[in-house]
Every structure is written in C-alpha cells, then in structure tokens.
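Analysis of the macromolecular model
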Amino acid sequence: MPETGIEDVVLLHQLVTEPERGIRALQQRYGSLIYRIVCRVLPEYPQDAEEVAADVLVKTWENAASLLEDNRPLTPWLIVTARNRAIDRRRKIAKPTAELSELIDILPEKLASDGEELIGALVAQMEQPDREIFLRRYYRMETAREIGEALGINEHTVNVRLSRGRARLKKEYLKQMGRGSRDYAKQNGI
C-alpha cells in the first residue's frame, strides 16, 4: 500500500491538533474533489450533495488519528469515503440506479464491507487501461461514454472491459478472502 505523502501527513496532524484550521486546509485542498465525486452520485440532489461533502470532511477529522497511525494514503480514503457516503445517502432518498449498484452487486453487502480494502488493492493491481477504467467508473462515477472519450476507446469496449474486470475481481476477491467467503458465496448463489 502506498504511504501517505508528507503534505497529507501535515494535514492529518493539523486535523488532530488544530481541528478548525485542519478542516479549512482539508476543504481547500480536497473540497472540490470530494464535491465532484458526491455530485456524480447525487446529481439531482444538490443540497444532499453539499451535506454529504461536509459529512466527509467531518468523517476525515474523526478518523485523522487512525489514518496517521496506519500511514494510510489520504486521497484514496477520501475518494472511497465520499463515494460510499453519497451512495448511502442516495439509497435513503431514492432507489439506487443500475449504474450505481454494478460494483456493489459483485458481492453480498457483508462481504463487500468486510473486504473493501482488499477490493481497492485488487483494483490498484489491475493492468492499464482496466485500472483507469475501473477508477473512472466506480470511484469518479463517470459514464462509459465519458470514459471512452477520455481514453480514446469506444463505449462498447469500456463496457466489455468493465464486465470482464468485475468477473476477475470477484474471482480474486473470493480466492483471497478464503474458504469462508466461498462458502458464503455458494450459500447465496454467487
């Protein structure tokens, strides 16, 4: 796992020792990234998007000490936290769309929540362009068309790579999580 950059270490330390100043610095450095991710999930709910973005800032402050202690990279943590919080909010206010539930539906909720870190590591190990496609689709919430345009490939190819990647991801996840995951998956028909 990559280490936390020095600027992020300073920022996390500031969140622990001087929360008000730290939150302002966090907002300045990562606020637009967090808001963009949240808006991808909640485009028709701008007030909820603003609330979720603020919640992510507070959640970061609450977890700053453990992020420092574990030397966890801040940017991926923020991205995943923003995405997950936005998805949770969307579930509360509307039915999830097929697009939003694609990755979540790879595995039952219990397995997905227990192994979220493993899933992130498996995505990070993917070959290019699959890794970039997955990051753009499931972390930045871009559409297949947007991804295709950005990477210079057609939309159908993006969808095929996502489908094959999800299958490989599921297989590797179950392999690494061990027998308990396989038994759980078998019992639940996945």
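Above: the structure in question.
All values reported here derive from a predicted model rather than from experimental measurement.

1. Some remarks on the overall build of the protein
- Along the backbone of the protein there are 11 helices and zero strands.
- Starting at the N terminus and ending at the C terminus, the protein contains elements arranged as α-α-α-α-α-α-α-α-α-α-α.
- In the protein, which comprises 190 residues, the proportion classed as buried is 39%.
- Taking the contacts inside the protein whose residues are at least 6 apart along the sequence as the reference set, 66% of them involve residues at least 24 apart.
- Total accessible area on the protein is roughly 11100 Å²; 49% of this is exposed by carbon and sulfur atoms.

2. Side note on unusual backbone geometry
- Geometrically, the link from Q128 to P129 is a cis peptide bond, its omega value of 5° lying close to zero.
- Examined against the element boundaries, P129 turns out to sit in the loop between α7 (116-125) and α8 (130-139).
- Residue N71 is not a glycine yet carries a positive backbone phi of 55°.
- In this fold, N71 is placed in the loop between α3 (46-70) and α4 (74-93).

3. Let's talk about the environment of P46
- Its place among the elements puts P46 in helix α3.
- Separated by 11 residues in sequence, P46 and Y35 place their C-alpha atoms 10.0 Å apart.

4. Structural notes on the pattern of salt bridges
- Inspection of every chain in the model, using the stated rule, returns 13 salt bridges.
- Two residues, R29 and E7, come together in a salt bridge whose shortest N-O distance is 2.8 Å. Note that R29 is positioned in helix α2 (residues 19-41) and E7 in helix α1 (residues 6-17), a separation of 22 residues in sequence.
- Given a relative accessible area of 51%, E7 falls into the exposed group.

5. Quick notes on α4
- The first and last C-alpha atoms of α4 sit 28 Å apart over 20 residues, in line with the 28 Å expected at 1.5 Å per residue.
- Listed as buried for α4 are L74, W77, L78, I79, V80, T81, A82, R83, A86, I87, R89 and R90.

6. With respect to the nonpolar core
- Membership of the largest hydrophobic core comes to 43 residues, with the highest contact counts inside it found for L26, Y30, I34, V38, L74 and L78.
- Counting only elements with at least two residues in this core, the list comes to α1, α2, α3, α4, α7, α8, α9 (144-151) and α10 (155-177).
- Broken down by element, this core gets its largest block of residues, eight residues, from α4.
- When residues no more than four places from it in sequence are discounted, the contact partners of I34 are A53, V56, L57, L78 and A82.

Cut-offs and rules
- Residues numbered from 1 in each chain as written.
- Predicted model: local features only at pLDDT ≥ 70, side-chain atom pairs only at ≥ 80, totals over all residues.
- Heavy atoms only, no water.
- Helix = DSSP H or I, 4+ residues; strand = E, 2+ residues; numbered from the N terminus.
- Buried < 20%, exposed > 50% of the residue type's maximum accessible area, 1.4 Å probe, protein only.
- Contact = heavy atoms within 4.5 Å.
- Areas by Shrake-Rupley, 256 points an atom, 1.4 Å probe, with all protein chains shown as cover.
- Salt bridge = Lys/Arg side-chain N within 4 Å of Asp/Glu carboxyl O.
- Expected span 1.5 Å × (residues − 1).
- Core = buried A, V, L, I, M, F, W, Y, C linked by side-chain atoms within 4.5 Å.

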